[in-house]
Amino acid sequence: MKKECIAMLLAGGQGSRLYVLTGEMAKPAVPFGGKYRIIDFPLSNCANSGIDTVGVLTQYRPLELNAYVDNGQTWDLDSSTGGVHILPPYQSAAGGTWYKGTANAIFQNIAFVDRYDPEYVVILSGDHIYKMDYSQMVERHKESGAACTISVMEVPWSEASRFGIMNVDGDDMVEEFEEKPKHPRSNLASMGIYVFTWKTLRAYLEADEANPASENDFGKNVIPAMLGNGEKMAAYRFTGYWKDVGTLESLWDANMDMLSPESGLDLLDESWPIYAKSISMPTAYLGKHARVSHSAFNRGGDLEGRIENSVLSAGVNVEEGASISYSVLMPGVTVKAGAVVEYAIVGQDAMIGENCRVGTSPETVDPLAWGLSVLAPGCVLEAGTVVPPKTMLDKNGEEVAR
Amino acid sequence: MNGLHGILFCYEKRNDLKDLVETRSASSMPFGGRYRAIDFGLSNLVNAGATDVGIVLHGRYQSLIDHLGSGKNWDLSRKRGGLKLLPPFAYERQGGGTGEFRGKMEALAGVRSYLDTIRQDYVAMMDGDLVVNLPLSEILEGHIHSDADITAVCGNDSFAVDNGTYFEPDSEGRVREVLYHMHTPRGYRGLEVYIVSTQLLKDLVDECISRDQYSWRHDVLQARVKELNIRSYIWTGFAAQIRSVQEYYDRSMQLLDPAIRVDLFAPERPIRAKNADKSSSYVGPAGRCVNSLVGDGCNVEGLVENSILFPGVAVQEGARVRNCVLFRDTVIRRNADLAYIIADKRVEVLADRTLIGHSSYPLVLGKGACV
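The rules behind the values
Residues numbered from 1 in each chain as written. Chains lettered and ligands numbered in written order. Predicted model: local features only at pLDDT ≥ 70, side-chain atom pairs only at ≥ 80, totals over all residues. Heavy atoms only, no water. Pairing = 2+ DSSP bridges. Helix = DSSP H or I, 4+ residues; strand = E, 2+ residues; numbered from the N terminus. Axes fitted to C-alpha atoms, helices over the stretch in contact; angles between N-to-C directions. Expected span 1.5 Å × (residues − 1). Buried < 20%, exposed > 50% of the residue type's maximum accessible area, 1.4 Å probe, protein only. Phe/Tyr/Trp six-rings, centres within 6.5 Å; stacked < 30°, edge-to-face > 60°. Lys NZ or Arg CZ within 6 Å of the ring centre and 35° of its normal. Core = buried A, V, L, I, M, F, W, Y, C linked by side-chain atoms within 4.5 Å. Contact = heavy atoms within 4.5 Å. Left-handed = near helix turned anticlockwise from the far one by under 90°. Nonpolar A, V, L, I, M, F, W, Y, C, P; charged D, E, K, R; others polar. Buried area = accessible area lost by both parts, 1.4 Å probe. Salt bridge = Lys/Arg side-chain N within 4 Å of Asp/Glu carboxyl O. Polar contact = N/O pair within 3.5 Å; in protein donor to acceptor, adjacent residues only side chain to side chain. pLDDT = per-residue confidence, 0-100. Domains from an automatic or database assignment.

Right, let's get into the sheet that holds strand S18 (residues 303–305) of chain B. Residues and elements named next belong to chain B. Taken together, five strands build an open sheet; the order of strands is S15-S18-S21-S24-S27 and the sheet is parallel. Both edges of this open sheet fall to strand S15 (288–290) and strand S27 (354–356), since each of them pairs with a single strand only. Within this sheet the neighbouring strands show an average axis-to-axis angle of 5 degrees, counted without direction. As judged from the three bridges shared by strand S21 (residues 320–322) and strand S24 (residues 337–339), these two strands associate in the parallel manner. Within S24, the position partnered with valine 321 by the bridge is leucine 338.

Rendered as structure tokens:
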């Protein structure tokens, strides 16, 4: 069935910089914002942008992610002519390999893309929090007649040297791409979201695969090769909220941003809905002594304690006398009476016993010794346990180095 | 095929829900911050392993059909069986006239061919306005073991409900008297949940209709109480029949009691509902929200106390909401003051307004009203 445009979502990365949070699941399956998984953002964007066919490339610990994506019905992507397809690496007559890089992952699925014979392919990443209309980007791609369109956003000049920077001409056509330049000449950073004309990309993927020196990566190999050959490359300027949540700090930041629509991340705005899989749990109950302030919470929980500046997922229970501030609690976490949780990320179904103390606010300790405290999914803290700042525990309660 | 088939009766206008049923039937009444009344009946059936459920529709059923969709939320969207909607055009009463029926037996006679398609040996008949979490598979087992012809599930009280049915069993649990229209109710309050074998149900329907008898409770239960082995099952947990504004309000407020919630939302028998597709709920820096149930995507900047908020409710800064039930997407603007109010969907209360009802007379604001 011919489609004008399909999307390929790179969801195979381990997300090693999320450490214990991705111990047993791929990064796109990590819970976000109390209600979502990270992958809800690109998939909802696809649905809202009118893209009804999405290939999800999985490789690392796919069980949780596969179960979550299911048949795509959550995002209205259970279409009979397209829909969501999970694409793991596979064996063929000539053997098979793991996905070696982002470009190789698409290369290995050329047959999948060809089934839809699309004019354009949108390449998406599974670790970004943002609301974006891909159809506008495809429109820009068509109008400019480019072979590749790269979405970019302005970043503060002081931070430009941390990004892949695009130098553009007066028509916002890319002239040069510099990976983490020492002396940036532009502050337009690549967001890792691409639109390709499929015919052109297909040829470059085959050439890239034939080159044994290549790392088979879009940013490192394919984009530079296209630029080097003088292909028309357009930049698409994006101005809304966008965050790569590949690190513990950025994941925590993005959760805090969600609490303040001023940050640009307004999830209460229903004109561009982000869908999430429904959980069969009753309405959230805020108890007689609950003191909830500047915090988000979800169904299935009884909240009795003090909760400030925090994001609580479904099924989180906070007993009376417990106190939580500046923290992210993932689904099913229990915080017992008298426990204090500050500046922490707590993984699914973790249990924080009575009078435990997890994390500390940055004002009270030496800045070098301070950092977020992180508990792995399933971690159980006996009553009275103290978890210092900048400490991470695995599911057996043992410390993990960062 | 052994197993349980569900038939849910969704009536209209036999109750005192006033404005709240202006645009919906009692079965689609919002309840508990995220549910519709019928979610409970459907979930009870599905949790007992029922795969096929027929819904007898009557009156203003558009909102109900909207809610049910294909039945997917209850895993009832099936190739074989699943959810079967039985709207009034199916009822062809002898002598013409469609769209209305006088009683359950007449409604079932109208869908007689549907009864023939039931694959299961037993049928659970329930009313769509009942809020309960029954262990129906246990009740079915008890029904089979006790050799009952009909099992009537009763609440453990003789609480007066509008148009209620009451059962008086003997010490063995066999029902000796079936009563209704009583000024002072006695016996056990019937929950209008009945287990009966498919064959007996079909026989009863055929017999009744041949004599122009249409009422389940008059022509079957009362008339045949001696001849049939009618047994009671007494349910001691929470069970609300939503038939008046006052009962709706009182029963809603009971959910603020944790023990009632544990009972109604037993995790081993989850109540499934349609998803609201809203974001997390949020209480702002100046907000205060206590002893309340808060649905998805609410935004509380003011005070909320002893209340139930459905998804997408906004309470702005300085506003006070006490002892209220606010349906979906209702907005309470700055410094408004509400107590004992039931606000239907998309109500807007403008800044500085004061609206105070009483626990014995909660005020209802109609759908989409702007105060």
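On to helix H8 (residues 248–259) of chain A, then. All names here are of chain A. Taking 1.5 Å of rise per residue, twelve residues should cover 16 Å, and H8 covers 17 Å from first to last C-alpha, within 8% of that figure. Counting buried residues in H8 gives ten out of twelve residues, a clear majority hidden from the surface. Three or more residues of H8 are buried, namely Leu248, Ser250, Leu251, Trp252, Ala254, Asn255, Met256, Asp257, Met258 and Leu259.

If you walk through the whole model with that rule in mind, you get 22 aromatic pairs over all chains. Seen from their ring centres, tyrosine 130 of chain A and phenylalanine 238 of chain A are 6.4 Å apart, and the 90 degrees between their planes marks the pair as edge-to-face. You can see tyrosine 130 of chain A sitting in strand S7 (residues 128–130) and its partner phenylalanine 238 of chain A sitting in the loop between strand S12 (233–237) and strand S13 (242–244), a full 108 residues away along the chain. Through a chain of ring-to-ring contacts, the aromatic side chains of Phe31, Tyr35, Phe40, Tyr248, Phe265, Phe310 and Phe327 of chain B assemble into a single cluster. Over the face of the ring belonging to tyrosine 68 of chain A we find lysine 277 of chain A, whose NZ or CZ atom lies 5.7 Å from the ring centre. Above the ring of phenylalanine 9 of chain B, the side-chain terminus of lysine 104 of chain B is found at 5.2 Å from the ring centroid.

What follows deals with the pairing of strand S10 (residues 174–179) of chain A. All names here are of chain A. The sheet contact formed by strand S9 (residues 164–168) and S10 spans five bridges and is antiparallel. The residue bridging glycine 164 from the neighbouring strand is glutamate 179, located in S10. As consecutive antiparallel partners, S9 and S10 are separated by five residues, and within that stretch aspartate 172 has a phi angle of approximately 60 degrees, a positive value.

All names here are of chain A. Among the nonpolar cores identified, the biggest contains 70 residues, and Leu124, Met132, Leu251 and Ile345 are the most heavily contacted of them. Sort the elements by how many residues they give to this core and H8 lands first, with seven residues. In contact with leucine 124, other than residues within four places in its own chain, are Ala7, Met8, Leu9, Leu10, Pro42, Cys46, Tyr130, Tyr134 and Ile193.

A pair of packed helices can be characterised by two numbers: the angle between their axes and the separation between those axes. All names here are of chain A. One way to put it is that helix H6 (residues 198–210) packs onto helix H7 (residues 218–228) with a least axis distance of 10 Å and a crossing angle of 115 degrees. Note that H6 runs across H7; the crossing there is right-handed. Here Thr200, Leu201, Tyr204, Leu205 and Asp208 of H6 lie close against H7, whose contacting residues are Phe218, Asn221, Val222, Ala225 and Met226. The residue inventory of the contact of H6 with H7, partitioned by class, reads seven nonpolar, two polar and one charged.

On to the interface of chain B and chain A. Listed per partner, the contact involves 33 residues of chain B and 34 residues of chain A. Both faces considered, chain B and chain A share a buried interface measuring about 2,700 Å² in area, 46% of it formed by carbon and sulfur atoms. Contact with chain A buries surface across chain B, with Arg34, Ser280 and Tyr282 of chain B losing the most and accounting together for 19% of the total. At the boundary of chain B with chain A, the tally comes to four salt bridges. Residue glutamate 270 of chain A pairs with lysine 278 of chain B through a salt bridge whose shortest N-O separation is 2.9 Å. Linking chain B with chain A are 22 residue pairs in polar contact (both at pLDDT 80 or more), by the criterion used here. Going through the elements one at a time, strand S14 (281–283), S15 and strand S16 (292–294) of chain B are the ones with two or more residues in the side of chain B that touches chain A. Considered class by class, the residues forming the side of chain B that touches chain A number 13 nonpolar, 13 polar and seven charged. Both strand S14 (residues 284–286) of chain A and S16 of chain B contribute to a ladder of three bridges, which runs antiparallel. Paired with tyrosine 285 of chain A across the bridge in S16 of chain B is leucine 293 of chain B.

Per-residue pLDDT for chain B averages 91, and the proportion of residues at 70 or more is 95%. Per the prediction output, this complex has pTM 0.92; the corresponding ipTM is 0.91.

With that settled, the discussion passes to the domain arrangement of chain B. Residues and elements named next belong to chain B. Here the domain parsing of chain B yields domain 1 (4–264) and domain 2 (282–365). The straight-line distance from the C-alpha centre of domain 1 to that of domain 2 is 33 Å. Summing both partners gives a buried area of about 1,700 Å² for domain 1 against domain 2, and 68% of it is carried by carbon and sulfur. When the area that domain 1 buries against domain 2 is broken down by residue, the three leading residues are Gly33, Tyr249 and Leu256, summing to 35%. Where domain 1 packs against domain 2, one counts one salt bridge. The interface formed by domain 1 and domain 2 includes three residue pairs in polar contact (both at pLDDT 80 or more).

Turning our attention to the environment of valine 380 of chain A. All names here are of chain A. Residue placement: valine 380 occurs in strand S29 (residues 380–381). With relative accessibility at 46%, the residue valine 380 sits in the partly exposed group. Spatially, the C-alpha atoms of valine 380 and asparagine 48 are 40 Å apart, while their sequence positions differ by 332 residues. In contact with valine 380, other than residues within four places in its own chain, are Met351 and Lys395.

What follows is about the side chain of asparagine 45 of chain A. All names here are of chain A. Relative to the helices and strands, asparagine 45 is located in helix H1 (residues 40–49). A relative accessible area of 0% places asparagine 45 in the buried class. Excluding residues within four positions of it along the chain, asparagine 45 makes contact with Tyr130, Lys131, Met132, Tyr134, Trp272 and Ile274.

In this section: the pairing of strand S9 (residues 165–169) of chain B. The two faces of a sheet get side chains in turn, since along a regular strand they alternate between them. Residues and elements named next belong to chain B. Where S9 and strand S10 (residues 175–180) come together, five bridges link them in antiparallel fashion. Within the sheet, the bridge partner assigned to phenylalanine 167 lies in S10 and is valine 178. What sits between the antiparallel neighbours S9 and S10 is a turn of five residues, in which glycine 173 has the positive phi angle 95 degrees. As judged from the two bridges shared by S9 and strand S11 (residues 188–197), these two strands associate in the antiparallel manner.

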